[in-house]
Amino acid sequence: MGFLSLLVVALVPILKVLLVTGVGLLIALERIDLLGANARRNLNAIVFYVFNPALVSSNLAKTITFSSLVTMWFMPVNILLTFVIGSALGWVLIKITRTPQHLQGLVLGCCSAGNLGNLLLIIIPAICEEEDNPFGDSDCSTNGEAYASLSLAIGAIGIWSYVYTIMRISANKCKKEINLDDSTISIRTSGETLEILSEGCTEALLPSKDCPSSRDCSDEVELTHAGSEGKQKVPFLEKIKQQVEILMEKIDLKKVFAPSTIGVIVGFFIGLISPIRKLIIGDSAPLHVIESSAYFVGEAAVPSTTLIMGANLLKGLKGSDVSIVVILGIMAVRYIALPLLGVVVVKAAHHFGLVGSNSLFQFVLMLQYALPPAMSTGTMSQLFEFGQSECSVIMLWTYVVAAFSLTLWSSFFMWLVS
C-alpha cells in the first residue's frame with residue numbers, strides 16, 4: 001500500500017474532527033450563541049459527569065477481558081512514558097523560553113498529556129472503516145475499540161491525577177515577583193506602621209489544599225523556616241513521613257476519583273469478572289439492557305466534547321499575552337520530539353519482545369505520542385480560573401496544526417508497521 005493511499009486513509013478521520021470542531025465554533029459565535037459560555041459550562045458538566053463515565057465503562061466492559069488485558073499490558077507503560085517524556089521536554093521548554101510562573105503548569109500539562117481518549121475513539125474506527133486500511137477488516141474494529149477504550153481509561157486516570165495536581169499547584173503557588181501595588185501589607189504595632197512587601201500569592205478561586213489563602217502561604221513559609229531551624233532535631237524516618245504526608249495532601253483524591261475514573265473501575269470490574277460479564281455483556285445476557293443503555297448514552301460523549309472543543313477555540317481567536325515562542329515550543333514537543341521518541345520506544349519494545357507483532361497495536365502505541373494536548377487542560381484552566389485565554393490560544397493553534405501533523409504521522413506510522 002503506497003504512502004499516498006495511507007495519507008488519504010489518515011486524512012478522513014482528521015477531517016471528521018475538523019468538521020465537527022468547525023460546527024462547535026460556528027454555533028458559539030455571538031450571532032448564533034447556541035454554545036455560549038453558560039451552555040458550554042452546562043454541556044461540559046453533562047459530559048464530565050454522565051457521558052464520559054458511560055462511554056468509558058461501556059467500552060471497557062464490552063472490549064476488555066483478562067486475556068485481552070494481558071496482551072495489552074504494555075499500553076499503560078507506554079502512556080506513562082508519554083507523560084514522563086512530555087513532562088521532561090516541557091520542563092526544558094520552560095527553562096529555554098523562560099515561561100512566566102503562572103503559565104508553567106499549563107505548559108507542562110499541554111506537553112505531558114495528549115488527547116488519549118476522544119481523538120482515538122474517532123480516528124481508529126474511522127481508519128478501520130476504510131477499505132484500503134493496512135490492518136484488515138476482520139478484527140480491526142473490535143481490537144481498535146479495545147485499544148482506544150483502554151487508552152481513554154488510563155489517560156483519564158493520568159490526567160486527573162498527575163496533570164490536575166500540577167496545574168492546581170501552579171494556580172495556587174505563591175509568586176516570587178514583588179508587586180508594589182498588590183503586595184504591600186500594613187501592620188500596626190505600638191502606634192507605628194510597618195510596611196512589609198510580601199511575595200504576592202496567587203490565590204485559587206477554587207478552594208484547594210495548596211495555598212488556598214494568604215494565611216496558608218504564610219503557614220508554608222513558617223513551616224519551611226521551622227524546618228530549617230530544626231533540621232538536626234527531626235529523625236530521618238520522620239522527615240520521610242512528613243514528605244509523604246505533604247505529597248498526599250497535594251493530591252486531591254476527589255479529583256483522582258473523578259467520574260471518568262469511577263467509570264474505568266466499573267468497566268474493569270464488569271469486564272474482568274466472568275460471572276458479572278455474562279450477566280451484562282452480550283445480546284443474550286439477562287441484564288444486557290444496562291450495557292446497551294450505557295453505550296447509548298456514552299455515544300454522545302465524543303461529538304459533545306468535539307463541539308465544546310470547537311466552541312472553546314473561539315476565545316483563542318481573540319488573542320492573549322502568551323508568547324508565540326511558547327506556542328511553537330509546545331508544537332515542537334508534541335508534533336516533532338514526542339512522535340520521534342515514540343517510534344524509538346515502540347520499536348525498542350518490539351525488538352525486546354515487550355510488544356507483539358500486531359500492527360494495529362503498534363500503530364496505536366505510536367499514535368499516542370503524536371496527539372495534540374488534552375482538552376482536559378482547558379477544563380482545568382476554567383476550573384481554577386487562571387490562564388483561560390492563554391490555554392484557548394494554545395489549543396487553537398495546536399489543534400489547527402494537528403490537522404496536518406496527525407495526518408502525516410498517522411500515514412508514516414501505518415507505513416512503518418505495515
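Here is what the cut-offs are and how they apply
Residues numbered from 1 in each chain as written. Predicted model: local features only at pLDDT ≥ 70, side-chain atom pairs only at ≥ 80, totals over all residues. Heavy atoms only, no water. Helix = DSSP H or I, 4+ residues; strand = E, 2+ residues; numbered from the N terminus. Buried < 20%, exposed > 50% of the residue type's maximum accessible area, 1.4 Å probe, protein only. Contact = heavy atoms within 4.5 Å. Core = buried A, V, L, I, M, F, W, Y, C linked by side-chain atoms within 4.5 Å. Axes fitted to C-alpha atoms, helices over the stretch in contact; angles between N-to-C directions. Left-handed = near helix turned anticlockwise from the far one by under 90°. Nonpolar A, V, L, I, M, F, W, Y, C, P; charged D, E, K, R; others polar. Expected span 1.5 Å × (residues − 1). Bend = angle between axes of the 7 residues up to and from the residue. Polar contact = N/O pair within 3.5 Å; in protein donor to acceptor, adjacent residues only side chain to side chain. Patch = residues over 30% accessible without salt bridge, like charges linked within 9 Å, V, L, I, M, F, W, Y side chains within 5 Å. Areas by Shrake-Rupley, 256 points an atom, 1.4 Å probe, with all protein chains shown as cover. Salt bridge = Lys/Arg side-chain N within 4 Å of Asp/Glu carboxyl O. pLDDT = per-residue confidence, 0-100.

1. A short note on the overall build of the protein
When helices and strands are counted, the protein shows 18 helices and two strands. Relative to its full complement of 418 residues, the protein shows a buried share of 47%. Long-range contacts, defined as pairs at least 24 residues apart, comprise 81% of the intrachain contacts of the protein with a sequence gap of at least 6.

2. Brief notes about the nonpolar core
Met75, Phe135, Ile159, Ile330, Phe363, Leu367 and Phe413 are the most contacted members of the largest nonpolar core, which totals 104 residues. Each residue touching Leu367, except ones within four places of it in the same chain, is listed here: Leu120, Ile123, Ile124, Leu406, Ser410 and Phe413.

3. Here's the deal with the side chain of Ser58
Locating Ser58 in the fold gives a position in helix 2 (residues 37-63). Beyond its immediate chain neighbours, meaning those up to four positions away, Ser58 contacts Glu291, Ala294 and Tyr295.

4. Regarding the packing of helix 15 (residues 324-351) against helix 16 (residues 359-367)
As a packed pair, helix 15 and helix 16 sit with axes 8 Å apart at the nearest point and diverge in direction by 145°. At the point where helix 15 passes helix 16, the crossing takes the right-handed sense. Of the residues in helix 16, those in contact with Val343, Val346, Lys347 and His350 of helix 15 are Gln362, Leu365 and Met366. Class assignment of the residues belonging to the contact of helix 15 with helix 16 gives a composition of four nonpolar, two polar and one charged.

5. What to know about the side chain of Asn59
Checked against the element boundaries, Asn59 lands in helix 2. Asn59 sits in the buried class, given a relative accessible area of 3%. Leave out the neighbours within four places in its chain, and Asn59 touches Ile64, Leu121, Glu145, Ser149 and Tyr295.

6. Here we look at helix 15
The end-to-end C-alpha separation of helix 15 is 39 Å, in line with the 40 Å expected for 28 residues at 1.5 Å each. Along its length, helix 15 shows its largest kink, about 35°, at Leu338, and proline Pro339 lies within four residues downstream of that point. Of the residues flanking the start of helix 15, the one acting as N-cap is Ser323, its side-chain oxygen 3.1 Å from the backbone nitrogen of Val325. Of the residues trailing helix 15, Gly353 is marked for its positive phi of about 80°.

7. Brief notes about the packing of helix 7 (residues 140-172) against helix 16
Contact geometry for helix 7 and helix 16: axes closest at 10 Å, N-to-C directions at 35°. Note that helix 7 runs across helix 16; the crossing there is right-handed. Between helix 7, through Cys140, Asn143, Gly144 and Tyr147, and helix 16, the contact on the second element is made entirely by Leu360, Phe361 and Val364. Its residues assigned to classes, the contact of helix 7 with helix 16 shows five nonpolar, two polar and no charged.

8. Some thoughts on the environment of Leu416
Secondary-structure assignment places Leu416 in helix 18 (residues 388-417). As for Leu416 and Lys347, which are separated by 69 residues in sequence, their C-alpha atoms are 9.9 Å apart. Every residue in contact with Leu416, bar those within four places of it in the chain, is listed here: Val343, Lys347 and Met366.

9. Structural notes on a nonpolar patch on the surface
Where nonpolar side chains cluster on the molecular surface, the patch consists of Phe66, Val70, Phe269, Leu272 and Ile273 and spans about 460 Å² of accessible area. Of all the elements in the fold, those that place two or more residues in the nonpolar patch are helix 3 (66-71) and helix 11 (259-272). Mapped onto the elements of the fold, Val70 is located in helix 3. For Val70, a relative accessible area of 45% puts it in the partly exposed group.

10. A short note on the confidence of the model for the protein
Looking at the protein, the pLDDT average stands at 77 and 75% of residues meet or exceed 70. Ignoring residues within four places in sequence, the model shows residues 174-231, a span with pLDDT below 50, making 64 contacts including any to other chains.

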